[in-house]
Number of protein chains: 2
Amino acid sequence: MAVTIKDVAKLAKVAPSTVSRVIANSPRISEKTKKKVRKAMEQLGYHPNFIARSLASQYTQAIGLVMPSSTDVVFQNPFFPTVLRGLSEGAHENQYALTMTTGKTEEQIFEGVVQMVQGRRVDGVALLYSKVEDKVLTYLQDQKFPFVVIGKPFKNVEEITHVDNDNFRAAKEATEYLISLGHERIGFVGGNLNLVVTVDRLLGYEKALREAGISLANEYIIHEEFLREGGQEAVNALISLEKQPTALVVADDLMALGILNTFDEMGISVPDDMSIISFNNVLLSEMSRPPLTSVDINIFALGYEAARSLIEKIENPKEPVKRIIIPHELMIRSSCGQPKINNRIII
Amino acid sequence: MAVTIKDVAKLAKVAPSTVSRVIANSPRISEKTKKKVRKAMEQLGYHPNFIARSLASQYTQAIGLVMPSSTDVVFQNPFFPTVLRGLSEGAHENQYALTMTTGKTEEQIFEGVVQMVQGRRVDGVALLYSKVEDKVLTYLQDQKFPFVVIGKPFKNVEEITHVDNDNFRAAKEATEYLISLGHERIGFVGGNLNLVVTVDRLLGYEKALREAGISLANEYIIHEEFLREGGQEAVNALISLEKQPTALVVADDLMALGILNTFDEMGISVPDDMSIISFNNVLLSEMSRPPLTSVDINIFALGYEAARSLIEKIENPKEPVKRIIIPHELMIRSSCGQPKINNRIII
DNA sequence: TTGTACGCGTTATCAG
DNA sequence: CTGATAACGCGTACAA
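Identification of chain A as LacI family transcriptional regulator from Bacillus canaveralius is taken from an unreviewed UniProt entry.

What follows is the structure, given as structure tokens:
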């Protein structure tokens, strides 16, 4: 059996409770005994047992991460390693551990969350996605269990602490950028409409067009699952139109890659024949040909702030609901070509 | 406070220990009392407290995942979401939870592992990487703590349970494939030599050349950090050679993407002027232009089997050391062109 | 400033 | 088949 607080106490000739207080660095212990106890801990190679501590103190110093369905293509997105990194850093800085749960079906995920929460395995939960009508979210609200969502909650936005980008504005700006380049027939390719982020970006796109006096065309708006196949189908639909768009707002870098590919196979040149702007600015977006103009949403910060705000909420339950908006930034590369109007390049 | 085993006991009019046995589904409890107790649990919405259970039973039903340094570019690799998926599934099937730890520096990672292990937060640990001289690995061995590594351990291969591909053979076959296509000047671009996988693949490459009677050329072997910049520098070095290689074995898909890009910028055509074969077959390898011929190493299976074998080891400490080799498969796409000898395409 | 004693929610041992 | 009772390792009133 491992060395416990009692062993340390015995060696240091103090009571176990004293050792406990030294660990907690209680100010009511004299420096002298602290030194003595610490030396004993050192000698024995003592490490506190988190489990026992959790049971006694009723908190675990761990936060639970809920990932989207692992079968979902979204899961393959480089987005996740990056949020994880942010969450990990935010958690680490506050000495919190990370426990994650996934599942193939929604039901499995839900079960996993219930286990984490009811089993008291974690002090709080971070949802790494946001979709409409989410059972998990409702459950957490009912339980009044501390949680934060990365992305914008589908409803009750005012009551749920969340970390998000202003995706509406980001999409609006992206679209406006295309408009400023002289485009008027602009298409939108989005992912699953169940994801709130898709909706937000769609709305921003529409708003920009409306403000510019460009009428919306339903056939310019397409939704496909993220990634490769999605890209292909989207392109086919778009290309078969009589009046083809000259530019595309694509809701995700990976999907944009797929689209880029399909265009290439069809001999359609990006950006000469078609401009593309997308979102997330994952590492790959600068590795494509042409490199993608993409809206950087600062994924790392999303994770980092999520961890921080969640921990804040855990440690101070009275903390008010917060909405943290991470700034975005348009990264201009080559997929929209040089700025031009009437085919004349502007300098 | 949440509902406990005692509350259930009271309602069902039995002793707490009986409830505990019902939870464990002990065969020594009559069906009648089981029913009665279960009904009470249902009524009260009882969920067992994992923490308390862990303390009493000395096992946590959780496994710890150790990721490589989060600052490392490797971390961005789509490899990780996929192993995670495998691990998650393997763990889930056995009702194990997943706890992860990362860190910016090696020291941080090490600390995290010590916390997990000594803090008794997990029953076993999976290392999601394998590098030379790893402090973490040594520590786990010293502690005789159950663990498994994904990849091949640097040393003591016979004493460490691990899940790996036969990267030596995979690289040999990949190289042989290029040779069979008529190539003789074949370069190798690998990542960090601290990673065992890099070494294995390099050795396989060399073996294939030797067996084919092709002499090794040092200037054909390049090591760069994975990913974009690495690709560029590698290409520059290769291109400036008097006798340029006609084909490249690249140790990672992402790096191959970077290389592909650089070639494109330089006006060098893949596969016409240069063939490329790489490893891992991540989703992106089919999305590049040209789509990459890549060795599929079945990343999901790596994770899945790692979880399974780790859990096996946890639940049966006498389990012998195991080496699990996941089969690989060459996915032929377009980056090596059509098979040809002496410039004549074979059909 | 330190020690004693109890409780956290379970499992496990030992009677019965 | 079931019920007391004692751990598990630590935190914390309360007492000293």
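This next bit is on the protein's contact with DNA strand D. Of all residues adjacent to DNA strand D, which total 24 residues, the nearest are A:Ile5, A:Ser20, A:Tyr46, B:Thr18 and B:Arg21. Among all atoms of DNA strand D positioned within 4 Å of the protein, those belonging to sugar or phosphate total 64%. With respect to DNA strand D, the side chain of A:Arg53 contributes an N or O atom lying 3.0 Å from a phosphate oxygen. Backbone polar atom of B:Leu55 to a base oxygen of DNA strand D: 3.4 Å apart, as the coordinates give it. Put simply, the parts of the chain that give the surface near DNA strand D at least two residues each are α2 (16–23) and α4 (50–57) of chain A together with α2 (16–23) and α4 (50–57) of chain B. Considered class by class, the residues forming the surface near DNA strand D number 11 nonpolar, nine polar and four charged.

Residue and element names in this part refer to chain B. Between its first and last C-alpha atoms helix α12 (residues 299–315) spans 25 Å; for 17 residues at 1.5 Å apiece the expected length is 24 Å, and the two agree. The buried fraction of α12 is high, at 12 of 17 residues. The set of residues buried in α12 consists of Ile-299, Ala-301, Leu-302, Gly-303, Tyr-304, Ala-306, Ala-307, Ser-309, Leu-310, Ile-311, Lys-313 and Ile-314.

In this section: the interface of chain B and chain A. Listed by partner, the interface residues are 53 residues for chain B and 53 residues for chain A. For the chain B and chain A pair, buried surface summed over both sides reaches about 5300 Å², with 59% attributable to carbon and sulfur atoms. Among the residues chain B hides against chain A, the three largest losses belong to B:Arg121, B:Met287 and B:Arg289. Together they make up 16% of the total. Counting across the interface, chain B meets chain A through four salt bridges. Among the ionic pairs, B:Arg289 bridges to A:Asp264, the shortest N-O distance being 3.1 Å. At the junction of chain B and chain A, the tally comes to 20 residue pairs in polar contact (both at pLDDT 80 or more). Put simply, the parts of the chain that give the side of chain B that touches chain A at least two residues each are α4, α5 (79–93), β2 (97–101), α6 (106–118) and α11 (253–266) of chain B. If one sorts the elements of the side of chain B that touches chain A by residue count, α5(B) sits on top with seven residues. Sheet analysis places strand β2 (residues 97–101) of chain A next to β2(B), joined by three bridges and oriented antiparallel. Bridging from a neighbouring strand, A:Met100 pairs with B:Leu98 of β2(B).

Here the focus is the sheet that holds strand β9 (residues 275–280) of chain B. The strands making up a sheet associate through backbone hydrogen bonding, with each pair oriented either parallel or antiparallel. Residue and element names in this part refer to chain B. Strand order in the open sheet formed by six strands is β7-β6-β8-β9-β10-β12, and the pairing between neighbours is mixed. Pairing within the sheet leaves two strands with one partner each, and these edge strands are β7 (221–223) and β12 (329–331). Going from strand to strand, the sheet's axes swing by 20 degrees on average, the running direction of each strand aside. Packed onto the sheet, α11 meets β6 (186–190), β8 (247–250), β9 and β10 (293–296) and runs at close to 155 degrees relative to β9.

Turning next to the UniProt feature "domain: HTH lacI-type" (unreviewed entry) in chain A. In the numbering used here, UniProt assigns the "domain: HTH lacI-type" (unreviewed entry) feature to residues 3–57 of chain A. As a span, residues 3–57 of chain A carries 69% helix and 0% strand, and end to end its C-alpha atoms are 20 Å apart.

Turning our attention to the protein's contact with DNA strand C. Near DNA strand C there are 26 residues, and of these A:Ser17, A:Thr18, A:Arg21, B:Ile5 and B:Ser20 occur at the shortest range. Among atoms of DNA strand C positioned within 4 Å of the protein, sugar and phosphate together represent 64%. Between DNA strand C and B:Tyr46 there is a distance of 2.7 Å, counted from a phosphate oxygen to a side-chain nitrogen or oxygen. In this structure, a phosphate oxygen belonging to DNA strand C sits 3.0 Å away from a side-chain N or O atom of B:Arg53. Looking at the surface near DNA strand C, the elements with two or more residues in it are α2 and α4 of chain A together with α2 and α4 of chain B.

When chain B is fitted onto chain A, the two copies agree to an RMSD of 0.1 Å after a turn of 180 degrees and an axial shift of 0.0 Å. The transformation just described matches what one would write down for a two-fold rotation axis. When C-alpha positions in chain B are compared against the rotation axis, the closest is assigned to B:Thr99, at 2.1 Å. Here 100% of the interface residues in chain B have copies in chain A that are interface residues too; the copies meet face to matching face.

We now examine the side chain of A:Glu319. Residue and element names in this part refer to chain A. With respect to the helices, strands and loops of the structure, Glu-319 is situated in the loop between α12 (299–315) and β11 (323–326). A polar atom in the side chain of Glu-319 sits 2.9 Å from the side chain of Lys-322. In this view, Glu-319 contacts Glu-312 and Lys-313; residues no more than four positions away in its chain are not counted.

For the rest of this paragraph, the subject is the pattern of salt bridges. For the structure shown, the criterion picks out 29 salt bridges over all chains. For B:Lys155, the salt bridge goes to B:Glu133, with nearest N and O atoms at 3.9 Å. Of this pair, B:Lys155 sits in the loop between β4 (147–150) and β5 (162–165) while B:Glu133 sits in the loop between β3 (124–127) and α7 (135–143), placing them 22 residues apart in sequence. For B:Glu133, a relative accessible area of 55% puts it in the exposed group. Connected via shared salt-bridge partners are A:Lys172, A:Glu176, A:Lys207 and A:Glu211.

On inspection of all chains with the given rule, the structure shows eight aromatic pairs over all chains. Taking 5.1 Å as the distance between ring centres and 40 degrees as the angle between the ring planes, the aromatic pair formed by A:Phe188 and A:Tyr205 counts as tilted. One end of the pair, A:Phe188, is in strand β6 (residues 186–190); the other, A:Tyr205, is in helix α9 (residues 196–211), with 17 residues separating them in the sequence. For A:Tyr205, a relative accessible area of 1% puts it in the buried group. Above the face of the A:Phe147 ring, A:Lys313 is positioned so that its terminal group lies 5.6 Å from the ring centre. When the ring centre of A:Phe50 is taken as origin, the NZ or CZ atom of B:Arg121, which lies over that ring, is 4.0 Å away.

All names here are of chain B. Where α2 is concerned, the buried positions are Thr-18, Val-19 and Val-22. For α2, the arc enclosing every buried residue in end-on projection is 100 degrees, short of the 170-degree limit, so these residues lie on one face. Summarising the contacts, the buried residues of α2 are in contact with α1 (5–12) and α3 (31–44). Immediately downstream of α2, the backbone of Asn-25 shows phi near 55 degrees, a positive value.

Reading the values: rules and limits
Residues numbered from 1 in each chain as written. Chains lettered and ligands numbered in written order. Predicted model: local features only at pLDDT ≥ 70, side-chain atom pairs only at ≥ 80, totals over all residues. Heavy atoms only, no water. Near = heavy atom within 4 Å. Polar contact = N/O pair within 3.5 Å; in protein donor to acceptor, adjacent residues only side chain to side chain. Helix = DSSP H or I, 4+ residues; strand = E, 2+ residues; numbered from the N terminus. Nonpolar A, V, L, I, M, F, W, Y, C, P; charged D, E, K, R; others polar. Expected span 1.5 Å × (residues − 1). Buried < 20%, exposed > 50% of the residue type's maximum accessible area, 1.4 Å probe, protein only. Contact = heavy atoms within 4.5 Å. Buried area = accessible area lost by both parts, 1.4 Å probe. Salt bridge = Lys/Arg side-chain N within 4 Å of Asp/Glu carboxyl O. Pairing = 2+ DSSP bridges. Axes fitted to C-alpha atoms, helices over the stretch in contact; angles between N-to-C directions. UniProt positions renumbered as here; feature names shortened; annotations may be inferred. Least-squares fit on C-alpha atoms with pLDDT ≥ 70 in both. Phe/Tyr/Trp six-rings, centres within 6.5 Å; stacked < 30°, edge-to-face > 60°. Lys NZ or Arg CZ within 6 Å of the ring centre and 35° of its normal. Arc of directions from axis to C-beta.

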